[in-house]
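# Descriptive structure summary
Now for the letters of each chain:
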Amino acid sequence: MTAATYEEIVTALLSAAGLTVSAEEKAVFVSDYPLLRDDADALYLPELEFIEPANKFDPTLYYPSL
């Protein structure tokens, strides 16, 4: 991806979150975005796609009136 693409992504993310940042802060976010995206993507393990990540909590078992 290009720097312009990263800037578009960061702009969209900030807008969706309703955040306003200074130009300096935004420049840091844009420069750090590829690193953060790579780290987040590294957490995905395709071989675990069909394994439940955690126990589910079913409140109806504890609160039958729900």
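A tally of helices and strands in the protein yields 3 helices and 0 strands. Listing every helix and strand of the protein by position from the N terminus yields α-α-α. Summed over its atoms, the accessible surface of the protein is roughly 5900 Å², and 62% of this surface lies on carbon and sulfur atoms.

Turning our attention to the packing of aromatic side chains. Scanning the model with the defined rule gives 1 aromatic pair in all. Summarising the aromatic geometry, the rings of Tyr-6 and Tyr-33 are spaced 5.8 Å apart at their centres and angled 50 degrees between planes, so their arrangement reads as tilted. Here Tyr-6, found in helix α1 (residues 3-17), pairs with Tyr-33, found in helix α2 (residues 23-42); they are 27 residues apart in sequence, far enough to count as distant. Look at Tyr-6 and you get buried, because its relative accessible area is 18%.

Analysis parameters
Residues numbered from 1 in each chain as written. Predicted model: local features only at pLDDT ≥ 70, side-chain atom pairs only at ≥ 80, totals over all residues. Heavy atoms only, no water. Helix = DSSP H or I, 4+ residues; strand = E, 2+ residues; numbered from the N terminus. Areas by Shrake-Rupley, 256 points an atom, 1.4 Å probe, with all protein chains shown as cover. Phe/Tyr/Trp six-rings, centres within 6.5 Å; stacked < 30°, edge-to-face > 60°. Buried < 20%, exposed > 50% of the residue type's maximum accessible area, 1.4 Å probe, protein only.

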